[in-house]
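What follows is each chain in one-letter form.
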Amino acid sequence: MVRPSLIPAARVERLRRRLSPRDLAVLASLHRVRLLSLDQIRRLAVTDGSPAARTRRAQLMMTRLSELGVVVRFSRIIGGVRAGSSGYIYGLSGLGQAVIDTDGPLGGRRRRVWESKPYFQDHMLAVAELYVQLVERHREGSTELLTYDAEPANWRHFTGPGGELVQIKPDAYVRLAHAAIEHSSFIEVDLTTETLPTIQKKSQRYIDYWRSGMEQQWRGVFPKVVWLVQNERRAEKITGVVKKLASDAQALFDVGLLDDGPQLLGGSGQGAAA
């Protein structure tokens with residue numbers, strides 16, 4: 001992939017003038033969540049017309065953006081061969097990053113797009129699906145999406161109990177408003193690829209961060225740490241891990257199903273008091 005810093009500015013500006021506001025919004029969404037399926041792009045960017053018409057328009061838009069070189073279409077197709085072009089996955093290319101100037105007003109550092117392993121793609125798409133659902137609920141007026149920070153914008157650094165530098169890397173940081181109440185959450189999407197000891201270790205890092213008081217000093221509250229999982233059996237196992245944590249810290253955590261994520265974040269994801 002061409003490094004954004006090596007792309008001539010004149011070429012970038014010419015290309016930027018050829019893109020519509022909707023094109024640029026798609027590029028910005030890809031920068032935010034790294035990967036999106038065609039269906040997710042359709043739901044974010046093509047909101048009028050019949051479902052079939054919206055899918056065709058999304059396909060044409062992404063074919064054009066691929067030909068312009070601002071997005072990368074991955075070789076893997078989700079949903080099997082029959083899914084065809086509707087199952088394609090897209091990421092932002094180096095040229096696309098340069099076009100939306102990710103070192104500039106939109107913020108954030110430029111990142112490479114690579115052919116990652118399927119399970120990693122599945123994880124990124126699951127996180128992206130949560131973002132898409134929150135945007136849809138925002139449009140419907142169910143909840144107001146105030147903030148959605150994906151990696152690396154949501155990373156936190158703090159000094160651990162032993163004086164060491166510790167980093168936590170949530171899959172997302174979300175702030176929602178519902179019924180005049182704000183709810184903030186650190187999101188951990190679990191696709192059963194990590195062991196329970198790893199879950200316990202991650203949870204303890206959040207507890208150490210909570211005890212440091214840094215987030216409370218910065219934000220006023222400490223967000224809920226919400227584990228979103230695929231099924232009830234996994235939810236029971238992670239709930240078991242939470243119950244083994246320090247009793248005064250267990251209230252920091254919620255465990256729920258991925259399908260119920262937006263409702264959980266808008267209802268019980270309220271930031272915990274300092």
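> Would you explain the packing of helix α7 (residues 196-212) against helix α9 (residues 232-243) in this entry?
The axes of two packed helices give the description: the angle between them and the distance between them. Running from amino to carboxyl end, α7 crosses α9 at an angle of 50°, the nearest separation of the two axes being 10 Å. Put simply, α7 runs oblique to α9. By crossing handedness, the relation of α7 to α9 is classed as right-handed. Contacts between α7 and α9 pair L196, I199 and Q200 from the former with R234, K237, I238 and V241 from the latter. In the contact of α7 with α9, the residues fall into 4 nonpolar, 1 polar and 2 charged.

> For this particular structure, what's the right way to read the nonpolar core?
Within soluble globular proteins, side chains that are nonpolar generally end up buried alongside one another. Counting 50 residues, the largest nonpolar core has M62, L65, Y148 and I187 as its most contacted members. With 8 residues, helix α6 (residues 118-140) is the largest single contributor of residues to this core. In contact with L65, other than residues within four places in its own chain, are L19, D23, V26, V70 and V71. I168, Y173, Y206 and V242 belong to the second largest nonpolar core, which has 23 residues in total.

> Would you mind showing me how to read the sheet that holds strand β8 (residues 181-189) here?
Working definition: the strands of a sheet are paired by backbone hydrogen bonds and lie parallel or antiparallel to each other. Reading across the sheet, the 5 strands line up as β4-β7-β8-β10-β11 and stay open at both edges, with mixed pairing between neighbours. This sheet does not close on itself; its edge strands, each paired only once, are β4 (144-150) and β11 (253-257). Within the sheet, the average angular offset between the axes of one strand and its neighbour, ignoring direction, is 25°. Where strand β10 (residues 224-229) lies against β11, 5 bridges are found, and the strand directions are parallel. Looking at β11, one finds that W227 is bridged to V255. Against the sheet, α6 engages β4, β7 (172-178), β8 and β10, with an angle of about 160° to β4. Those strands touched by α9 are β10 and β11, and its axis lies near 170° from that of β11.

> Before we go on, may I ask you to explain the side chain of R156 in this structure?
The residue R156 is located in strand β5 (residues 156-159) in this model. Within polar-contact distance, the side chain of R156 engages the backbone oxygen of N154 at 2.9 Å. Setting aside its immediate chain neighbours within four residues, R156 contacts V166, Q167, I168, Y173, F186, Y209, E215, W218 and R219.

> What is the right way to look at unusual backbone geometry in this model?
The phi angle of most residues is negative, glycine excepted, and most peptide bonds adopt the trans form. Geometrically, the link from E151 to P152 is a cis peptide bond, its omega value of 0° lying close to zero. Relative to the elements of secondary structure, P152 occurs in the loop between β4 and β5. Although it is not a glycine, A179 adopts a positive phi angle of roughly 55°. Here A179 is to be found in the loop between β7 and β8. Exposure remark for A179: the relative accessible area of 62% places this residue in the exposed category. Notably, T192 is not glycine yet its phi reads approximately 65°, a positive angle.

> Any chance you could explain the pattern of salt bridges here in plain terms?
Opposite charge on two side chains permits them to pair, given that their charged atoms come into close proximity. For the coordinates displayed, the defined rule picks out 16 salt bridges. E13 is the partner of R16 in a salt bridge, and the nearest nitrogen-oxygen pair spans 2.6 Å. With R16 and E13 both in helix α1 (residues 9-18) and 3 residues apart, this pair spans about one turn of that helix. R16 sits in the partly exposed class, given a relative accessible area of 27%. For E13, a relative accessible area of 32% puts it in the partly exposed group. Its salt-bridge partner being R211, residue D248 comes within 3.1 Å of it at the nearest N-O pair.

> Sorry if this is basic, but what is going on with α6 here?
Each turn of an α-helix holds 3.6 residues, which means side chains three or four residues apart point in the same direction. Its 23 residues give α6 an end-to-end C-alpha distance of 32 Å, which sits within 8% of 33 Å, the value for a rise of 1.5 Å per residue. At the C-terminal side of α6, G141 shows a positive phi close to 90°.

> Just to check I follow, could you spell out the confidence of the model for the chain for this structure?
Note that predicted coordinates carrying low pLDDT should not be read in detail. Mean pLDDT for the chain: 87, with 85% of residues reaching 70 or above. Confidence over residues 104-110 falls short of pLDDT 50; this stretch has 19 contacts with residues more than four positions distant or in other chains. Predicted confidence for residues 268-274 stays below pLDDT 50, and this span has 24 contacts to residues more than four positions away or in other chains.

Cut-offs and rules
Residues numbered from 1 in each chain as written. Predicted model: local features only at pLDDT ≥ 70, side-chain atom pairs only at ≥ 80, totals over all residues. Heavy atoms only, no water. Axes fitted to C-alpha atoms, helices over the stretch in contact; angles between N-to-C directions. Helix = DSSP H or I, 4+ residues; strand = E, 2+ residues; numbered from the N terminus. Parallel < 35°, antiparallel > 145°, perpendicular 65-115°, else oblique. Left-handed = near helix turned anticlockwise from the far one by under 90°. Contact = heavy atoms within 4.5 Å. Nonpolar A, V, L, I, M, F, W, Y, C, P; charged D, E, K, R; others polar. Core = buried A, V, L, I, M, F, W, Y, C linked by side-chain atoms within 4.5 Å. Buried < 20%, exposed > 50% of the residue type's maximum accessible area, 1.4 Å probe, protein only. Pairing = 2+ DSSP bridges. Polar contact = N/O pair within 3.5 Å; in protein donor to acceptor, adjacent residues only side chain to side chain. Salt bridge = Lys/Arg side-chain N within 4 Å of Asp/Glu carboxyl O. Expected span 1.5 Å × (residues − 1). pLDDT = per-residue confidence, 0-100.

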